Amino acid sequence: MTVIGTAFWALKYPEDAEEEVARPECDLLAGPCNWSTPEGQWQVSLTPQVGKAGQHLYALTVETPNAPDRFLAVLRGRSMYMGEYPVPLKQESATHFQAEFEAPLCATGSEMVWQIDLQSGQQPLGSVSPILFFQAKM
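Here the structure is a predicted model, which means the values were calculated and not measured.

Across its full length, the protein carries one helix and eleven strands. Along the chain direction, N to C, the helices and strands of the protein fall in the order α-β-β-β-β-β-β-β-β-β-β-β. Burial statistics for the protein: of 138 residues in total, 36% are counted as buried. For the protein, contacts bridging at least 24 residues in sequence account for 58% of all contacts bridging at least 6. In the structure as shown, the protein presents an accessible area of about 8,900 Å², 54% of it carried by carbon and sulfur atoms.

In structure tokens:
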């Protein structure tokens, strides 16, 4: 068994491994997040909205240099895994997208940190964006 394990590891080439690139983090509730790509400037902002008691409503705004195909945001639990929630982005103009959503909270805790990943269809845009996150509180 050890020989097979050794042989397996010997066959792995460095070229096969995906290179981990450190991405900066950006707290969306602290203010808009801006970054540049070869295509142009991006800006993402998140604004808490007033809702019924116990609701945690947010308005997400994304300015892009060009319109990605089937553009959406995916809400993923960062402090605790609570599933993934697609947030379809509505195109307001050629490069302006908006969505409103409610952030779920865990029944056992009063705080939840969520990450927002931007996607073009099933393709993540994470390699070009900072890690976007916010903390929802009861």
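Now, onward.
Take Glu63: it is sitting in strand S4 (residues 57–63). Residue class for Glu63 comes out partly exposed when judged on its relative accessible area of 27%. Taking the C-alpha atoms as reference points, Glu63 and Gln98, separated by 35 residues in sequence, lie 8.9 Å from one another. Here Glu63 is in contact with Gln41, Trp42, Gln43, Thr95 and His96, once residues within four sequence places are set aside. Polar side-chain contacts of Glu63 include one of 2.2 Å to the side chain of His96.

Among the seven residues that make up strand S5 (residues 71–77), six are buried, leaving the element largely enclosed by the rest of the structure. Two elements, S5 and strand S9 (residues 111–120), share seven bridges in a ladder whose sense is antiparallel. Bridge pairing in S9 places Arg76 opposite Gln115. Judged from the five bridges that link them, S5 and strand S6 (residues 84–88) form a sheet pairing that is antiparallel. Across the sheet, the residue bridging to Arg76 is Glu84, located in S6.

Within the open sheet, the five strands sit side by side as S2-S3-S4-S8-S7. Their pairing is antiparallel. Looking at strand neighbours, the two that pair on one side only are strand S2 (33–37) and strand S7 (90–91), the edges of this open sheet. Two elements, S4 and strand S8 (residues 96–102), share seven bridges in a ladder whose sense is antiparallel. Bridged to Tyr58 within S8 is Phe101.

For the rest of this paragraph, the subject is the side chain of Gln119. Assignment of secondary structure puts Gln119 in strand S9. Within the structure, Gln119 has its side chain in polar contact with the side chain of Arg76 (distance 3.4 Å). If we skip the residues at most four places from it in the chain, Gln119 touches Arg70, Phe71, Leu72, Val74, Arg76, Pro124 and Leu125.

Let's shift gears to unusual backbone geometry. The phi dihedral of Arg70 is positive, around 45 degrees, even though this residue is not glycine. Given a relative accessible area of 63%, Arg70 falls into the exposed group.

Let us now look at the state of the cysteines. According to the stated counting rule, one finds one disulfide in the structure shown. There is a disulfide in this structure between Cys26 and Cys33, and the S-S distance comes to 1.7 Å. Residues Cys26 and Cys33 are joined by a disulfide whose S-S torsion is about -95 degrees; by sign, that bridge is left-handed. The same class applies to Cys26 as to Cys33, namely buried.

Criteria and cut-off values
- Residue indices follow the written sequence of each chain, beginning from 1 at its first position.
- Per-residue local features of the predicted model are confined to residues with pLDDT of at least 70, and side-chain atom pairs are confined, for both listing and counting, to 80 or more; whole-chain, interface and lining totals are unaffected and use all residues.
- Think of the side-chain values as coming from all heavy atoms in the structure, minus any hydrogens and water.
- Helix and strand assignments come from DSSP, with helices taken as H or I runs of at least 4 residues and strands as E runs of at least 2, each series counted from the N terminus.
- Exposure classes here rest on a 1.4 Å probe applied to the protein chains alone. A residue is buried below 20% of its type maximum, exposed above 50%, and partly exposed in between.
- Between two residues, a contact is recorded if the distance between any of their heavy atoms is within 4.5 Å.
- Accessibility throughout is a Shrake-Rupley quantity obtained with a 1.4 Å probe, and a residue counts as covered only by protein chains that appear here.
- Here a polar contact is recorded for every N or O atom pair within 3.5 Å, except that within protein the pair must consist of a potential hydrogen donor and a potential acceptor, and residues adjacent in sequence are included only if both atoms are side-chain atoms.
- Strands qualify as paired when DSSP identifies two bridges or more between them.
- Any cysteine sulfur atom paired with another within 2.5 Å is treated as part of a disulfide.

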